[in-house]
Amino acid sequence: MQTTTTTLLQQLNSFKEQRKKALAVLIDPDKVDEDSLSKLLALCNTYPIDFFLVGGSLITTPSIQSVISQIKSQTSKPVILFPGNSLHIEPSADAILFLSLLSGRNPEFLIGQHVVAAPLLKQSQLEVLSTGYLLIESGRPTTVSYMSNTTPIPNNKPDIAACTALAGQYLGMKLIYLDAGSGAEIPVPAKLIQAVRGMIDIPLIVGGGLNTPEKVAQALEAGADIITIGNAFEDKPEFLEEVAKVFEKYNQASI
Ligand SMILES: CC(C)=CCC/C(C)=C/CC/C(C)=C/CC/C(C)=C/COP(=O)(O)OP(=O)(O)O
Ligand SMILES: O=P(O)(O)OC[C@@H](O)CO
Ligand SMILES: [Mg+2]
């Protein structure tokens, strides 16, 4: 019998078609130890999360692989790399966000790291998810803007964000990620999310500073298909219960 496997991209596209909102839990390998990760993973088995993102702008932990191995031993959800550079490729994950930093004008993060990464990805089994990555201004400089030496899109310029995202879609990218940056003071504004949502057809990921149920609900309401949460779960894993309630409301309404 022939078996067909669904790719992660197909799953994300089908969520979007069904209007099912997805939740990604971001694990920064530098910010967890075995015990704290174990506690978070136990909660991720209690509440319906969709996948894990693993990564950071700067990773000093020698083994991303051991973090992935712990996630895989405690849960069955897909693990997607969220890399800051080409050194962050770890073949034991399921997929990688192949990010091109479209909001910036630094060729290294638009195409340079990608050339180095491409042959490594070809040798791996990782599903490569071509992603237009847009940093949105969020109050104070973020790790990503510093590390990438780029300026984010002003958060009162929804048109610039929408046109940048559309250019990404026309270039063939399969996902758009709007990121206010990890621990952002001000998350991506609803108006800007709406403008991007209205311009593109591909799934939209939104993250950065989503640390209250209200902020999560606002991003979903504005049109995010996938929400990423990192810091708020690191600080308080129990926040997952509150987030799950927000998702339940949206996902029940979509059935
Ligand atoms: C193509 C490959 C393999 C690599 C390049 C990938 C690109 C273009 C990355 C864009 C720039 C960048 C540095 C992105 C990092 C995104 C990320 C994983 C953010 C998570 O948050 P942190 O920046 O680690 O925040 P903290 O300060 O809270 O740790
Ligand atoms: O850590 P937080 O603030 O949730 O941000 C998540 C992610 O979008 C950062 O790149
Ligand atoms: Mg980090």
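The rules we used
- Residues numbered from 1 in each chain as written.
- Chains lettered and ligands numbered in written order.
- Predicted model: local features only at pLDDT ≥ 70, side-chain atom pairs only at ≥ 80, totals over all residues.
- Heavy atoms only, no water.
- UniProt positions renumbered as here; feature names shortened; annotations may be inferred.
- Helix = DSSP H or I, 4+ residues; strand = E, 2+ residues; numbered from the N terminus.
- Rg over C-alpha atoms; globule rule 2.2 N^0.38 Å.
- Buried < 20%, exposed > 50% of the residue type's maximum accessible area, 1.4 Å probe, protein only.
- Areas by Shrake-Rupley, 256 points an atom, 1.4 Å probe, with all protein chains shown as cover.
- Lys, Arg positive; Asp, Glu negative; His and termini not counted.
- Charge placed at Lys NZ, Arg CZ, Asp CG, Glu CD.
- Core = buried A, V, L, I, M, F, W, Y, C linked by side-chain atoms within 4.5 Å.
- Near = heavy atom within 4 Å.
- Polar contact = N/O pair within 3.5 Å; in protein donor to acceptor, adjacent residues only side chain to side chain.
- Nonpolar A, V, L, I, M, F, W, Y, C, P; charged D, E, K, R; others polar.
- Patch = residues over 30% accessible without salt bridge, like charges linked within 9 Å, V, L, I, M, F, W, Y side chains within 5 Å.
- Salt bridge = Lys/Arg side-chain N within 4 Å of Asp/Glu carboxyl O.

Under an unreviewed UniProt entry, the name given to the protein chain is Geranylgeranylglyceryl phosphate synthase, and the source organism is Flectobacillus rivi. UniProt annotates the protein chain under Catalytic activity (unreviewed entry) with the comment "sn-glycerol 1-phosphate + (2E,6E,10E)-geranylgeranyl diphosphate = sn-3-O-(geranylgeranyl)glycerol 1-phosphate + diphosphate". What UniProt states about the protein chain under its Sequence similarities (unreviewed entry) heading is, verbatim, "Belongs to the GGGP/HepGP synthase family. Group II subfamily."

**Student:** Explain the overall build of the protein chain to me, using residue names and the numbers behind them.
**Tutor:** From N to C terminus, the protein chain includes 10 helices and 8 strands. Over its C-alpha atoms the protein chain spans a radius of gyration of 17 Å, differing by no more than 12% from the 18 Å that the globule rule assigns to 255 residues. In terms of principal-axis extent, the alpha carbons of the protein chain reach across some 45 × 45 × 45 Å. When the 255 residues of the protein chain are sorted by exposure, 53% land in the buried category. When the accessible area of the protein chain is evaluated, it comes to approximately 12,300 Å², of which 53% is carbon and sulfur surface. The positive charge centre, built from 19 side chains, and the negative charge centre, built from 25, are 7 Å apart in the protein chain.

**Student:** So what about the nonpolar core? Which residues, and what values?
**Tutor:** Counting 60 residues, the largest nonpolar core has Ile 27, Phe 52, Ile 71, Leu 178, Val 216, Ile 227 and Ile 229 as its most contacted members. In terms of residues, this core owes the most to one element, helix α10 (residues 239-253), which gives 6 residues.

**Student:** Describe the site of ligand 2, naming the residues involved and giving the relevant values.
**Tutor:** Near ligand 2 there are 13 residues, and of these Asp 179, Gly 183, Gly 209, Gly 230 and Asn 231 occur at the shortest range. Within the backbone of Gly 183, a nitrogen or oxygen atom sits 2.6 Å from an oxygen atom of ligand 2. In isolation ligand 2 offers 310 Å² of accessible surface; the protein chains occlude 97% of this area. For the shell around ligand 2, the class distribution of residues is 4 nonpolar, 8 polar and 1 charged.

**Student:** Explain a nonpolar patch on the surface residue by residue, including any values.
**Tutor:** On the surface, Leu 58, Tyr 146 and Met 147 cluster together to form a nonpolar patch covering roughly 360 Å² of accessible area. In this structure, Leu 58 sits in the loop between β2 (51-56) and α3 (64-74). According to the relative accessible area criterion, Leu 58 is exposed, its value standing at 52%.

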